[in-house]
Amino acid sequence: MRCVHTFDLGNSAPLAEEAFRAFLRETSTGADRLLTLFAEEPSPGRFLLHAVAGGAAPGRFLYACVETSPRSFRTFTDVCPGTHWFEREIYDLFGLMPEGHPELNPLRFHEAWPKKFFPLRSTDAPAPDPRRGYRFLVVRGEGIHEVAVGPVHAGIIEPGHFRFSCAGETIQNLEIRLGYQHKGIESLFPGGPEMGKILLSESISGDTAVGHSTACVRLLEAITAKPADPSAERWRAVALEIERISNHCGDLGGLSTDIGYLFGAAHFGRLRGAALNLLLRITGNRFGRGLNRIGGIGPRVPGIAPEDLMAELGRLRAEMKDVGTTLLDAPSVGVRMEGTGRLLPHTAKTLQFVGLTARASGRDVDARRDFPSPAYVDSPPVNVLLDAGDVMARARVRFLEMRASFDWLSGILAGAMPPGTIAAEGVVPAAGRRLVVSVEEGWRGEIVHAAVVDGEKRITRYKVVDPSFRNWPALSFAVQKNVISDFPVCNKSFNLSYSGTDL
Amino acid sequence: MLESILKRASVGNVTVALPAGDLPSPFRGMPEVGEAFRTGGAAATCAKACATDAIDPEKRTIDLGRCVFCGLCEEACGGEGIRFSQNPRLPWGKRENLVLGGSDVSLAPASADLRSLLGRSLHLREVSAGGCNGCDLEAQALGNPIFDLQRFGIDFVASPRHADGLLVTGPVSKNMREALVKTYEAIAEPRIVIAIGACAASGGIFRGSYAVEDGVGNVLPVDLFIPGCPPHPLTLLYAILGFLGRSPEKIPRG
Ligand code: SF4
């Protein structure tokens, strides 16, 4: 399977620090990208950092690990800026201090928490500077003022705090403080590879229940050596593409709202509902909960015949095309979205952003091509790549990706039903300690789940990476030098998950 | 401009009339409890399959405040003990109203005073407190042209100062506790609190995590709990209207 990989940790001795550093540097400059970086305490007082990279060729996964002192490690941000947030998280969860980190503010815990609370660390932390206080960057200069927004926002959205430093109307710096949605989800995964873990994964980010649960279920299937058959894999991919359509469509509606284009808001809002209702017809839930079971899909999935689904999708496609063309061709819309919130290709590459954010800024990454699941191996949906990096580019990527998804769906639903036998490239369970990694392209970008498993097939550490976690810093870059009144439309153009980031 | 007007004319009225009837299969709505659950061995089988401890095999109850509607219990008992209907109308009210098969607790609509005050105009401030955003999305969907909450005189407002009450989602993360309490305190009395979804009722799938308060009831006085994971927008509509003492049967399409 090219979307899942198992590393035998018995055979992978930790690297020397310099070699590990070189591995991470390579992800910044080479063709393989960083997928995840996380800490683990394999035995009390002993700490490892695990890094997984890959993607230069389909199904290519690379692994490296290093042992750190129980106190700290030297930051890797100088050679690999994309580790910035990963290191902040490692400090919050394990109390391992990244020495020399440029901005070690807490991601997970706020002032009310005890200073030495590190939930995934079993041994007492000797951290030299245990702190919880958040230090905002202070911008100085004549006429600079600050605007603080959140955690509770005006609309019905998740909580987060934004602090703008402005000169007049122009944003000089935006600092994003998160953590409000932190629910300790990674601490709930250790244990047996049971269905409860799938339910947890459905709640990592509610709008990506299909993406996360599909990444999770394949990982559990690799642990238990119960791969799903091609027909189940096909329905997973069908649900994933409908999830993508529903969210892209909802975001085009949200963007319309934020520029006061009520026609787009009303119609895309309605069409998003129609797409969610198709997920309900397939899985029994508007967000695709209930799709996955270990070794396959739910017994009542799909609740709709492929021909009927195809007819519904055809109707939806025609309507979305109408409304989308009207939106994107309207001069009043172009004026508001072109040139607004520009994320430069160089920034997207340096910080290793992922998903549609990256693809609107010229960074060509798509897990459906680079880590294809069985249904995508032969022909993933057409890749969409733009490089303007502005709000309009992110809107267009969504519109074109919806079209690509519709094309792909009609192809796969019209094709012959794959035989219901177990895929030949089955999963061979290794004995002993191992690391299982599973990647899937959710609608925002690549989702990476990783689990350290012991010889008894029990999960001892589970790491989730939602694409939002990778992409939040992109918003800060995009809004620089924009007027503060354009912040909502910039923010919506990324539409990142707070829950998926805060975990 | 012309395209948008033509589109508007061709689509017509899309708002759902209430009551809306059953949703299509395989939607998991109101569970139906069979004899095998009430007296036989199905209660134990179902309890074993349940990852959220929603089922008490001794008392033979299902706590919809914990249930995430995953359907695993139905699969385990072959539908003999628990079978999910496609009806989106779920019990609502006080926390104990969400327990199926327990001692019968009558539904708890708002007091007559509150109903005369808010029954025809209710403005809510939404606070998302540690959930996964599924409930937030369904609360948001209430405002779209399909569910059109505003036709009932109910709306979401930007400031707690303009609100008659709070609608809270999520188990209440420790990091949101203070902001939630402050938002509540900023609302003038009398004020109501509506907690939607399994997380807000009990912590849901996150119950017991070090980082959550296991439900809104542990932080604020809750007037109305609504189950679901997330609740379907129709489930929310029926419950809120019911709480306000308004019968969905008498509500025009809009
Ligand atoms: S549907 Fe509800 S009661 Fe049944 S197993 Fe799932 S959470 Fe438990």
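Residues numbered from 1 in each chain as written. Chains lettered and ligands numbered in written order. Predicted model: local features only at pLDDT ≥ 70, side-chain atom pairs only at ≥ 80, totals over all residues. Heavy atoms only, no water.

A few words now on the domain arrangement of chain A. Residues and elements named next belong to chain A. In terms of domains, chain A is made up of domain 1 (4-99) and domain 2 (185-466). Between domain 1 and domain 2, the C-alpha centre-to-centre distance is 26 Å. Counting from both sides, the interface comprises 36 residues of domain 1 and, opposite them, 30 residues of domain 2. In total, domain 1 and domain 2 occlude about 2,500 Å² of area from one another, counting both sides; carbon and sulfur atoms represent 60% of this. Summed over the three residues of domain 1 that lose the most area to domain 2, namely Val4, Arg33 and Phe38, the buried surface amounts to 25% of that side. Inspection of the region where domain 1 meets domain 2 yields 4 salt bridges. In this structure, Asp370 and Arg33 form a salt bridge, with 2.9 Å as the shortest nitrogen-oxygen distance. (Domains from an automatic or database assignment. Contact = heavy atoms within 4.5 Å. Buried area = accessible area lost by both parts, 1.4 Å probe. Salt bridge = Lys/Arg side-chain N within 4 Å of Asp/Glu carboxyl O.)

The next thing to look at is the side chain of Glu441(A). Residues and elements named next belong to chain A. Its place among the elements puts Glu441 in strand S12 (residues 434-441). A relative accessible area of 0% places Glu441 in the buried class. Engagement of the side chain of Glu441 in a polar contact is seen with the backbone nitrogen of Ala367, the distance being 2.7 Å. (Helix = DSSP H or I, 4+ residues; strand = E, 2+ residues; numbered from the N terminus. Buried < 20%, exposed > 50% of the residue type's maximum accessible area, 1.4 Å probe, protein only. Polar contact = N/O pair within 3.5 Å; in protein donor to acceptor, adjacent residues only side chain to side chain.)

Bringing unusual backbone geometry into the picture now. Residue Pro19(B) follows Leu18(B) across a cis peptide bond; omega there is -10°. Looking at the element boundaries, Pro19(B) is found in the loop between helix H1 (2-11) and strand S1 (31-33). Look at the link from Cys229(B) to Pro230(B): it is a cis peptide, with omega at -15°. Along the chain, Pro230(B) turns up in the loop between strand S10 (224-226) and helix H9 (233-243). Here Asn495(A), not a glycine, exhibits a phi torsion of approximately 40°, which is positive. With respect to the element layout, Asn495(A) can be found in the loop between helix H14 (487-494) and helix H15 (498-502). With a relative accessible area of 18%, Asn495(A) lands in the buried category.

Glancing now at the sheet that holds strand S8 (residues 165-169) of chain B. Residue and element names in this part refer to chain B. Judged by pairing direction, the sheet is parallel, and its 5 strands sit side by side in the order S7-S6-S8-S9-S10 without closing on themselves. Both outer strands of the open sheet, strand S7 (154-156) and S10, are each paired with one neighbouring strand and no more. The sheet shows a mean angle of 25° between the axes of neighbouring strands, taken without regard to direction. Where strand S9 (residues 192-196) meets S10, 3 bridges bridge the pair, whose relative direction is parallel. Bridged to Ile194 within S10 is Leu224. This element, helix H6 (residues 134-141), spans strand S6 (122-128), S7, S8 and S9 of the sheet and lies at about 135° to S8. (Pairing = 2+ DSSP bridges. Axes fitted to C-alpha atoms, helices over the stretch in contact; angles between N-to-C directions.)

This paragraph deals with the environment of Glu32(B). Residue and element names in this part refer to chain B. Take Glu32: it is sitting in strand S1. Relative accessible area serves as the criterion here: at 46%, Glu32 is assigned to the partly exposed category. Sequence separation of Glu32 and Arg83 is 51 residues, and the distance between their C-alpha atoms is 5.2 Å. Setting aside residues up to four positions removed in sequence, Glu32 forms contacts with Gly81, Ile82, Arg83 and Ser85.

The subject of this paragraph is the site of the ligand. Every residue lining the ligand is accounted for by Cys50(B), Thr52(B), Ala54(B), Ile55(B), Cys67(B), Val68(B), Phe69(B), Cys70(B), Gly71(B), Cys73(B) and Phe84(B). Across the shell around the ligand, the residue classes tally to 9 nonpolar, 2 polar and no charged. (Near = heavy atom within 4 Å. Nonpolar A, V, L, I, M, F, W, Y, C, P; charged D, E, K, R; others polar.)

For the rest of this paragraph, the subject is the interface of chain B and chain A. Between chain B and chain A, the residue contacts involve 59 residues of the former and 59 residues of the latter. Taken together, the two surfaces of chain B and chain A that pack against each other cover about 4,600 Å², and 62% of this comes from carbon and sulfur. Contact with chain A buries area across many residues of chain B, yet Lys7(B), Asn175(B) and Tyr210(B) alone supply 16% of it, more than any other trio. Along the contact surface separating chain B from chain A lie 3 salt bridges.

A few words on the domain arrangement of chain B. Residues and elements named next belong to chain B. The assigned domain composition of chain B is domain 1 (31-84) and domain 2 (112-250). The straight-line distance from the C-alpha centre of domain 1 to that of domain 2 is 27 Å. Contacts between the two partners involve 8 residues from domain 1, matched on the other side by 8 residues from domain 2. Contact between domain 1 and domain 2 buries roughly 670 Å² in total, counting both sides, with carbon and sulfur atoms accounting for 62%. Area buried by domain 1 at its contact with domain 2 is led by Gly65, Arg66 and Val68, which between them contribute 58% of it. Seen at the junction of domain 1 and domain 2, the total is 1 salt bridge. In this structure, Asp53 engages Arg207 in a salt bridge whose closest nitrogen and oxygen atoms are separated by 3.8 Å. Linking domain 1 to domain 2 there are 2 residue pairs in polar contact (both at pLDDT 80 or more). Residues of the side of domain 1 that touches domain 2, tallied by class, amount to 4 nonpolar, 2 polar and 2 charged.

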